[in-house]
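Coordinate inspection notes
These are the residues of each chain, in order.
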Amino acid sequence: MLLLGLPLGSAAAQEPDDEEPPPETELTRPAPAAVSPDAEPEWKTRFGARLLTGTPDGLGAALLIHPRSWLRVHAGAARNSLGTGVRAGVDLLPVQLLVSPVLGLEYGHTFRADYGRLLTRLHGQPTTPVTDIRQVDYDQVNLSVGLEFSPWRPVTFFGGVGISYWFLGVSDPSAFIREARAGEEEPSLTANPLLLNLSTPVVRLGFILYFN
């Protein structure tokens, strides 16, 4: 009877109000950064091999790495009529086009080159050494400018011209002195190593095969 005597408002106050669930919040994702249509794709290092023929290189082969679009580095060996040597150099490519200009700087060392053939090449006619010297070592620094043609991504053809600086070393040039003083007795003769410098033109053709 006590319950029946309670006011209706009090009974309603004791019942909890129905609570509405909080609205679901949607996760906001950042919009992707806009990419300019003119932006160049990121360069990826490329690897390959290079074959060439020309003068004074003869025939050459090298492995190369292309770490930047404007820079290429190569190292290998070459064989010409004088002897066999090693080569290393860098190529600079200012722009990347179907036909692109290229600047080259290369260093080479040839072991035990045929001295008689070297004289023939320098004189432009058959020349026989008048001394006992038959083999010499020489270094080269080649500067060249040329063009590259890349009809397909894996293959590049190139050609160029330039100048080559030669540095010939003769460890025992006493044979030159004996020849110059023929007929005179020289009981004891010593001489310091001899270094000869000269320059010749460079002409080369070849192609590059990329592995990636």
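Please refer to the structure higher up on the page.
All of these numbers come straight from a predicted model, not from anything done at the bench.

Parameters at a glance
- Residues numbered from 1 in each chain as written.
- Predicted model: local features only at pLDDT ≥ 70, side-chain atom pairs only at ≥ 80, totals over all residues.
- Heavy atoms only, no water.
- Pairing = 2+ DSSP bridges.
- Helix = DSSP H or I, 4+ residues; strand = E, 2+ residues; numbered from the N terminus.
- Axes fitted to C-alpha atoms, helices over the stretch in contact; angles between N-to-C directions.
- Salt bridge = Lys/Arg side-chain N within 4 Å of Asp/Glu carboxyl O.
- Buried < 20%, exposed > 50% of the residue type's maximum accessible area, 1.4 Å probe, protein only.
- Phe/Tyr/Trp six-rings, centres within 6.5 Å; stacked < 30°, edge-to-face > 60°.
- Core = buried A, V, L, I, M, F, W, Y, C linked by side-chain atoms within 4.5 Å.
- 1 Å grid on protein atoms, 1.4 Å probe; cavity = no way out; pocket = protein on both sides within 12 Å on 5 of 7 lines; lining within 4 Å.
- Points joined across faces, edges and corners; volume = space filled by probe spheres on them.
- Nonpolar A, V, L, I, M, F, W, Y, C, P; charged D, E, K, R; others polar.

Here we come to the sheet that holds strand β1 (residues 46-55). Taken in spatial order, the 8 strands close into a barrel running β1-β2-β3-β4-β5-β6-β7-β8, and their pairing is antiparallel. Strand-to-strand twist of the sheet, defined as the mean angle between neighbouring strand axes without regard to direction, takes the value 25°.

As a further point, take the pattern of salt bridges. Evaluation of the coordinates by the stated rule reveals 6 salt bridges. Ionic pairing is found between Asp 91 and Arg 72, a salt bridge with its closest N-O pair at 3.2 Å. Taken together, the residues Asp 91 in strand β4 (residues 84-92) and Arg 72 in strand β3 (residues 71-79) connect sequence positions 19 residues apart. Among the residues examined, Asp 91 registers a relative accessible area of 8% and is labelled buried. For Arg 72, the salt bridge is made with Glu 148, and the minimal N-O distance between the two is 2.2 Å. In this pair, Arg 72 is assigned in strand β3 and Glu 148 in strand β6 (residues 135-152), connecting sequence segments 76 residues apart. The same class applies to Arg 72 and to Glu 148, which are both buried. The network of salt bridges with shared partners includes Arg 50, Asp 57, Arg 72, Asp 91, Glu 106, Glu 148 and Arg 204.

Walk down a regular strand and you will see the side chains alternate between the two sheet faces. In terms of strand pairing, strand β5 (residues 99-114) meets β6 through 14 bridges, oriented antiparallel. Bridged to His 109 within β6 is Asp 139. Note that β6 and strand β7 (residues 155-170) share 14 bridges and pair antiparallel. Across the sheet, the residue bridging to Val 141 is Tyr 165, located in β7. The turn linking β6 back onto β7 is made up of 2 residues.

Another point: unusual backbone geometry. Here the residue pair Thr 55 and Pro 56 is connected by a cis peptide bond, since its omega of 5° sits within 30 degrees of zero. For Pro 56, the position within the fold is in the loop between β1 and β2 (58-68). Phi is positive for Arg 112, which is not a glycine, with a value near 50°. With respect to the secondary-structure elements, Arg 112 resides in strand β5.

Right, let's talk about the packing of aromatic side chains for a bit. Tallied over the full model, the rule gives 2 aromatic pairs. Pairing Tyr 138 with Trp 166 gives two aromatic rings, centres 4.7 Å apart and planes at 20°, and the pair type is stacked. Of this pair, Tyr 138 sits in strand β6 while Trp 166 sits in strand β7; the two residues are 28 residues apart in sequence, bridging distant segments of the chain. Side by side, Tyr 138 and Trp 166 carry an identical accessibility label, which is buried. With 6.4 Å between their ring centres and 50° between their planes, Phe 157 and Phe 207 make a pair best called tilted.

On to the pairing of strand β8 (residues 194-210), then. Of the strand pairs in this sheet, β1 and β8 are connected by 8 bridges, and their pairing is antiparallel. Along β8, the bridge assignment pairs Thr 55 with Val 203. Where β7 lies against β8, 16 bridges are found, and the strand directions are antiparallel. Residue Thr 156 lies in a different strand from β8, and its bridge partner there is Ile 208.

Right, let's get into the nonpolar core. In this structure, Leu 82, Ala 113, Tyr 115, Leu 118, Leu 119, Ile 133, Val 136, Tyr 138, Trp 166, Leu 168 and Val 170 together form the largest nonpolar core, which totals 11 residues. Of all the secondary-structure elements, those providing two or more residues to this core are α3 (115-123), β6 and β7. The next biggest cluster of nonpolar side chains, apart from the first, holds 5 residues, and it includes Leu 64, Phe 158, Ile 208 and Tyr 210.

Tallying each qualifying case throughout the model produces 2 cavities of 30 Å³ or more. Taken together, 18 residues line the largest cavity, and the ones lying closest to its centre are Arg 50, Asp 91, Val 102, Ser 144 and Arg 204. Residue contributions to the lining of the largest cavity peak at 5 residues, all from β5. In the lining of the largest cavity, the residues fall into 6 nonpolar, 6 polar and 6 charged. Put simply, the second largest cavity is a space of about 80 Å³. In terms of lining residues, the second largest cavity is bounded by Arg 50, Leu 52, Asp 57, Gly 60, Ala 61, Ala 62, Gly 76, Ala 77, Ala 78, Arg 87 and Glu 106. Broken down by secondary-structure element, the contributors of at least two residues to the lining of the second largest cavity are β1, β2 and β3.

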